[in-house]
Amino acid sequence: WLLKLATLVPVYGVRVGLHALLLLLLVAPPKHMDEFQLVQFALGFKGTQFLSGGLLLALQGGVALFLITTFEEDGGAPLSERLSSEAPGVGEGLFLEAVDLVGSVLLGWVALLLLPSSHKLGVRQTVASTATQRQAAEHGRRGGRLAGMLW
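Chains are numbered independently. Their residues run from 1 in the order of the written sequence. Selection of residues for local features in this predicted model requires a pLDDT of at least 70, selection of side-chain atom pairs for listing and counting requires 80 or more, and totals for whole chains, interfaces and linings are taken over all residues. Side-chain measures here rest on the full set of heavy atoms in the structure, leaving out hydrogens and waters.

**Describing the environment of F50**
Moving on, step 1. Numbering of helices and strands runs from the N terminus; a helix is a DSSP stretch of H or I covering at least four residues, while a strand is a stretch of E covering at least two. Following the sequence through the fold, F50 ends up in helix α3 (residues 35-70).
Moving on, step 2. Each residue is assigned to one of three classes by its accessible area relative to the maximum for its type, calculated with a 1.4 Å probe on protein chains only: buried under 20%, partly exposed between the two thresholds, exposed over 50%. Residue F50 is classed as exposed on the basis of its relative accessible area, which comes to 52%.
Moving on, step 3. Placed 42 residues apart in sequence, F50 and L8 show a C-alpha to C-alpha distance of 9.7 Å.

Spelled out as structure tokens, the structure:
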């Protein structure tokens, strides 16, 4: 839970850095890459991107813009001057924004592209699952039902 809360911090690079570490831990033992965990990672990463990079940043920017345009400072600086120096997004580093954007695209795709080399771990061997595994082995494809969506 603590890691999930830390990924919701609307600061450029924090979410991408923590999810990169998490993906590294998921794929560190290559023989134990679980298909379910990779799919869950990709979906969770995109979900936190929507929350922290979308909703929370939009809310933060809207409130900041409202406060700038509604309340005057004691110095009486013109609104145009205040907007050019205090508006949301002014003063943010271009490098961190680029890292966040590129990392947001790459991490999701890396997780999905690792699916063909993943394994179904923790599945009980039943008649249905062995038949499905046999059929997948005959076609030489791994990655489950999502393998067809990758190519």
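**Here's the deal with helix α5 (residues 94-113)**
Moving on, step 1. Expected helix span is computed as 1.5 Å times (number of residues minus one). In this model, α5 (20 residues) spans 28 Å end to end at C-alpha, consistent with the 28 Å of a helix rising 1.5 Å per residue.
Moving on, step 2. Regarding α5, the residues found buried are D100, G103, S104, L107, G108 and A111.

**Quick notes on the nonpolar core**
Moving on, step 1. In terms of nonpolar packing, the biggest core is built from 12 residues, these being V16, L23, L26, V27, M33, L38, F41, A42, F45, L107, A111 and L115.
Moving on, step 2. Those elements that place two or more of their residues in this core are α2 (14-27), α3 and α5.
Moving on, step 3. Note on contacts: a residue pair qualifies if any of its non-hydrogen atoms lie within 4.5 Å across the two residues. Excluding residues that lie within four positions of it along the chain, L26 makes contacts with M33, Q37 and F41. For the purposes of this section, nonpolar cores are sets of buried Ala, Val, Leu, Ile, Met, Phe, Trp, Tyr and Cys residues that join through side-chain atoms within 4.5 Å.

**Side note on the environment of L96**
Moving on, step 1. Tracing the backbone shows L96 in helix α5.
Moving on, step 2. Separated by 82 residues in sequence, L96 and V14 place their C-alpha atoms 9.5 Å apart.

**Quick word on the confidence of the model for the protein chain**
Moving on, step 1. Residues with a pLDDT of 70 or more make up 78% of the protein chain, whose mean pLDDT is 78.
Moving on, step 2. Residue-level confidence of the predictor, termed pLDDT, takes values from 0 up to 100. Considering each helix and strand of the protein chain separately, the mean pLDDT is smallest for helix α6 (residues 127-139), with a value of 59, and largest for α2, with 89.

**Some points on α2**
Along an α-helix, residues three or four positions apart point the same way, because every turn accommodates 3.6 residues.
Moving on, step 1. For α2, built from 14 residues, the straight-helix expectation of 20 Å at 1.5 Å per residue is met to within 8% by its first-to-last C-alpha distance of 20 Å.
Moving on, step 2. Residues R15, V16, H19, L23, L26 and V27 constitute the buried set of α2. In a view along the axis of α2, the buried residues occupy a sector of 85 degrees, so they form one face of it. Exposed and facing more than 90 degrees away from the buried side of α2 are L24 and L25.
Moving on, step 3. In this structure, the buried residues of α2 make contact with α1 (2-7), α3 and α5. As used here, the arc belongs to the directions running from the helix axis to the C-beta atoms.

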